[in-house]
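# Coordinates in review
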Amino acid sequence: MAKRKSKWIQKAISRPGAFTAKAKAAGMGVQEYARKVTGKGSRASTRTKRQAGLAKTLKKFSYRRKKKR
């Protein structure tokens, strides 16, 4: 039986490149900015915090794919 791929990732990315642009404007890399935004005491908007969480999650997928090879 073929493995079905979930489309949740495509649905989760509603504003492609927006978080990367925020990170670049802050003078940081994406993962560095994600750690800052999700850290304690952050005053970032809810949207930015959710984007940071998604960036962290997608990084894990990338790492697992590279490790598998």
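As a starting point, this report considers the structure included with it. Just so we're clear, the structure is a prediction, and the values are computed from it rather than from any experiment.

## Let's talk about the layout of surface pockets
- The space that makes up the second largest pocket amounts to roughly 360 Å³.
- As for the second largest pocket, its lining consists of 16 residues, of which Ile-13, Arg-15, Phe-19, Gln-51 and Leu-54 are closest to the centre.
- Sorting the residues of the lining of the second largest pocket by element identifies helix H2 (18-25) and helix H4 (46-68) as the ones contributing at least two each.
- The element contributing the most residues to the lining of the second largest pocket is H4, with six residues.
- Class assignment of the residues belonging to the lining of the second largest pocket gives a composition of nine nonpolar, four polar and three charged.

## Observations regarding H2
- Within H2 the residues assigned to the buried category are Ala-18, Phe-19 and Ala-23. Within H2, the buried residues cover an arc of 140° as seen down the axis, which keeps them to one side. Of the residues in H2, the exposed ones pointing more than 90 degrees away from the buried face are Lys-24 and Ala-25.
- A positive phi of about 75° marks Gly-27, the residue just after H2.

## Details of the nonpolar core
- Judged by nonpolar contacts, Phe-19, Ala-23, Met-28, Tyr-33, Ala-34, Val-37, Ala-52 and Ala-55 together constitute the single largest core of eight residues.
- Elements represented by at least two residues in this core include exactly H2, helix H3 (30-38) and H4.
- Ranked by the residues each element gives to this core, the list is headed by H3, at three residues.
- Apart from residues no more than four positions distant in its own chain, Val-37 is found in contact with Ser-42, Ala-44, Thr-48, Lys-49 and Ala-52.

Criteria and thresholds
- Residues numbered from 1 in each chain as written.
- Predicted model: local features only at pLDDT ≥ 70, side-chain atom pairs only at ≥ 80, totals over all residues.
- Heavy atoms only, no water.
- 1 Å grid on protein atoms, 1.4 Å probe; cavity = no way out; pocket = protein on both sides within 12 Å on 5 of 7 lines; lining within 4 Å.
- Points joined across faces, edges and corners; volume = space filled by probe spheres on them.
- Helix = DSSP H or I, 4+ residues; strand = E, 2+ residues; numbered from the N terminus.
- Nonpolar A, V, L, I, M, F, W, Y, C, P; charged D, E, K, R; others polar.
- Buried < 20%, exposed > 50% of the residue type's maximum accessible area, 1.4 Å probe, protein only.
- Arc of directions from axis to C-beta.
- Core = buried A, V, L, I, M, F, W, Y, C linked by side-chain atoms within 4.5 Å.
- Contact = heavy atoms within 4.5 Å.

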